[in-house]
Amino acid sequence: MTELVLPNDTNTLNNLMGGRMMHLMDIAAAIAAQKHSNRIVVTASVDNVSFRDPIRLGNVVTLQAQVTRSFSSSMEVHIDVWAEDIPSGTKVKTNEAFFTFVAVDQSGRPIDVPEAVPETADEIALYDGALRRRQLRLVLAGRMKPIDATELRALFEIA
Ligand SMILES: CC(=O)SCCNC(=O)CCNC(=O)[C@H](O)C(C)(C)COP(=O)(O)OP(=O)(O)OC[C@H]1O[C@@H](n2cnc3c(N)ncnc32)[C@H](O)[C@@H]1OP(=O)(O)O
C-alpha cells in the first residue's frame, strides 16, 4: 500500500503523526489478513510499534504486510514501513510491527482460517518465531498462563 504524506497528516514539525501511521499500518495489515482468510477480520492486538525516524511531509510511504502464520481463527501479520523522499531518491525503513487479526463471521464470532505456508527463508524465519510471539502476547494480555507458554519458556531455558 502506498500513501503520500499530506499537510493534514502531520504535526507542527511537518512529520507524519504516529496515530496516522498506525492507522495506515492497521489498514495494510488488515488487507493482508483479509486476503489470506477471505473473511472479515478484526484487529485483536498490536505488538510494539517503534518510530525510528520521522516521516516528512511530502514523503511517499510504502507499507508491506504479510501473514506470517495462522492459528485457529487468528493470523499474525508482519508489516514493514518505508519512507521515500522522491527528489533525493532516499528510502528508509521507519517502522516495523506485528499485528494479530481474527477472522470473524457475520455475527462477529471467530471462525477458522487456512494455514499459511512459508516458502522463502525469511518467511520460514517469521513463521518459526510466530508461536513464541503469540504466547508472549497472550501472556501479556492475560489470556495465557506463563506456565503454559512452553515455546517462550524454552527461549529463556526456564525448566
Ligand atoms: C480492522 C479493525 O480495526 S477492527 C476494529 C478493532 N478491533 C475490534 O473491534 C476487535 C474487538 N475484539 C473482538 O471482537 C474479540 O475480542 C475477538 C474476536 C478479537 C476475540 O474474541 P474472543 O471471544 O476472545 O474469542 P476467542 O477467545 O475464541 O479467541 C479467538 C482468537 O483470538 C485470539 N485473541 C484474542 N485476544 C487476543 C489478543 N489480545 N492478542 C492476540 N490474539 C488474541 C485468540 O488467541 C484466538 O486465536 P486462535 O483462534 O487462533 O487460537
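Identification of the protein as Acyl-CoA thioesterase from Hymenobacter polaris is taken from an unreviewed UniProt entry. The protein has a UniProt comment under Sequence similarities (unreviewed entry) that states "Belongs to the acyl coenzyme A hydrolase family."

Draft legend 1. Quick look at unusual backbone geometry. You will see that Asn 14, though not glycine, has its phi angle at about 65°, which is positive. Mapped onto the elements, Asn 14 comes out in the loop between strand 1 (2–4) and helix 1 (18–37). In this structure, Asn 38 is a non-glycine residue whose phi angle is positive, near 60°. Here Asn 38 is to be found in the loop between helix 1 and strand 2 (40–46).

Draft legend 2. Region of the structure containing the pairing of strand 4 (residues 74–85). Most of strand 4 sits out of view: ten of its twelve residues are buried. Here strand 3 (residues 60–70) runs beside strand 4; their pairing, made up of ten bridges, is antiparallel. The partner of Leu 63 across the bridge, within strand 4, is Val 81. With antiparallel pairing between neighbouring strands as the criterion, strand 3 and strand 4 make up a hairpin whose turn holds three residues. Here strand 4 hands over to strand 5 (residues 90–104) after four residues, with Gly 89 in that stretch at a positive phi of 80°.

Thresholds, definitions, all that
Residues numbered from 1 in each chain as written. Predicted model: local features only at pLDDT ≥ 70, side-chain atom pairs only at ≥ 80, totals over all residues. Heavy atoms only, no water. UniProt positions renumbered as here; feature names shortened; annotations may be inferred. Helix = DSSP H or I, 4+ residues; strand = E, 2+ residues; numbered from the N terminus. Buried < 20%, exposed > 50% of the residue type's maximum accessible area, 1.4 Å probe, protein only. Pairing = 2+ DSSP bridges.

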